[in-house]
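Chain by chain, the residues:
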Amino acid sequence: MPGHAWDDMVLVGRIARPQGNRGDVIIDADTDFPGERFAPGGTVFTERNGAVVPLTIAGFRMHAGRPVVRFDGTSSIDEAEALRGLVLKVPETALGELPDGTWYHHELLGCRVKTKDGREVGKVISIQGPTERSILEIDGPDGRTLVPLTAAFCSVDLAARVVEIDPPEGLLLAEATDALEDL
């Protein structure tokens, strides 16, 4: 795909398995907006044999909370089975604007996390939950920690790649351990 390298694109899902016998596939979505991302006529990209390949969406519906998609040129269970496991991405420019105080998960991955008083907590290694209720998984010197991404005690500086937290007492494992040792 001209102008976009596979590694610079943003993950939006993975093809889990065929659904039915007419070429539909179930997607394990990595997007809070499956209806928009997998809308008929839209395009997602996958990588096959080192080449970035566009997949045009011909049909979309939700089933049991997961997107079911049919791609142009896929009309049988065998053709759908050949897509199993493929990673689906889009260029970052295809992402829409988010409301203030929310971020796409890929923007937060790798950010340094520190407390308001400057103590290093670690780096964001994954994000759980939907955009409006994200939980940061942080890997740091005290091990792995889960921190809710909430305006009540988190501020994000994407330019500096830093998440500053002012956590309530006991949220960070080391603080809880120190408090127990003081008893």
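The structure we're discussing is the one just above.
This section reports on the structure supplied with the text. (Residues numbered from 1 in each chain as written. Predicted model: local features only at pLDDT ≥ 70, side-chain atom pairs only at ≥ 80, totals over all residues. Heavy atoms only, no water.)

Remarks on the overall build of the chain
Moving on, step 1. Tallying secondary structure elements over the chain gives four helices and twelve strands in all.
Moving on, step 2. Considered along the principal axes of its C-alpha atoms, the chain spans approximately 65 × 35 × 30 Å.
Moving on, step 3. Here the chain holds 183 residues, and 36% of them are scored as buried.
Moving on, step 4. Of the contacts formed within the chain by residues at least 6 apart in sequence, a portion of 50% connects residues at least 24 apart.
Moving on, step 5. For the chain, the exposed area adds up to about 10,300 Å²; of that, 49% sits on carbon and sulfur atoms.
Moving on, step 6. Seen as two clouds, the 18 positive and the 30 negative side-chain charges of the chain have centres 8 Å apart. (Helix = DSSP H or I, 4+ residues; strand = E, 2+ residues; numbered from the N terminus. Buried < 20%, exposed > 50% of the residue type's maximum accessible area, 1.4 Å probe, protein only. Contact = heavy atoms within 4.5 Å. Areas by Shrake-Rupley, 256 points an atom, 1.4 Å probe, with all protein chains shown as cover. Lys, Arg positive; Asp, Glu negative; His and termini not counted. Charge placed at Lys NZ, Arg CZ, Asp CG, Glu CD.)

Concerning the side chain of Arg37
Moving on, step 1. By the secondary structure assignment, Arg37 is in helix H1 (residues 34–37).
Moving on, step 2. One buried charged residue, Arg37, forms no salt bridge at all, with the nearest opposite charge on Glu36 at 6.4 Å.
Moving on, step 3. In this structure, Arg37 is in contact with Val12, Thr31, Val44, Ile57, Val90, Ala94 and Leu95, ignoring residues within four places of it in sequence. (Salt bridge = Lys/Arg side-chain N within 4 Å of Asp/Glu carboxyl O.)

Looking at the layout of surface pockets
Empty space among the atoms can be located by rolling a probe the size of a water molecule over them.
Moving on, step 1. There is about 380 Å³ of room inside the largest pocket.
Moving on, step 2. Lining the largest pocket are 18 residues, with Val10, Leu11, Asp30, His105 and His106 sitting closest to its centre.
Moving on, step 3. Of all the secondary-structure elements, those providing two or more residues to the lining of the largest pocket are strand E1 (10–19), helix H3 (105–108) and strand E8 (120–128).
Moving on, step 4. With three residues, E1 is the largest single contributor of residues to the lining of the largest pocket. (1 Å grid on protein atoms, 1.4 Å probe; cavity = no way out; pocket = protein on both sides within 12 Å on 5 of 7 lines; lining within 4 Å. Points joined across faces, edges and corners; volume = space filled by probe spheres on them.)

Comments concerning the sheet that holds strand E11 (residues 154–157)
Moving on, step 1. Pairing within the open sheet is mixed, and its six strands lie in the order E10-E9-E8-E7-E12-E11. Each edge of the open sheet carries a strand with a single partner, namely strand E10 (143–148) and E11. Neighbour-to-neighbour, the strand axes of the sheet open up by a mean angle of 35 degrees, direction not taken into account.
Moving on, step 2. Across four bridges, strand E7 (residues 112–115) lies against strand E12 (residues 162–165) in parallel orientation. Paired with Val113 across the strands is Val163, a residue of E12. (Pairing = 2+ DSSP bridges. Axes fitted to C-alpha atoms, helices over the stretch in contact; angles between N-to-C directions.)

Regarding a negative patch on the surface
Moving on, step 1. A cluster of acidic residues, Asp7, Asp8, Glu47 and Glu92, forms a negative patch on the protein surface.
Moving on, step 2. For Asp7, the location among the structural elements is in the segment before E1. (Patch = residues over 30% accessible without salt bridge, like charges linked within 9 Å, V, L, I, M, F, W, Y side chains within 5 Å.)

Topic: the nonpolar core
Moving on, step 1. Judged by nonpolar contacts, the single largest core of 19 residues is most densely connected at Ile15, Val25, Ile27, Phe38, Val44, Phe71 and Leu88.
Moving on, step 2. Per-element accounting of this core gives the leading share, three residues, to E1.
Moving on, step 3. Apart from the residues within four sequence positions on either side, Phe38 is in contact with Val12, Ile27, Ala29, Thr31, Val44, Ile57, Phe60, Pro67, Val69 and Leu88.
Moving on, step 4. In terms of nonpolar packing, the next biggest core, distinct from the first, is built from 15 residues, Val121, Val124, Leu149 and Val163 among them. (Core = buried A, V, L, I, M, F, W, Y, C linked by side-chain atoms within 4.5 Å.)

These values are about where atoms sit, not about what they do.
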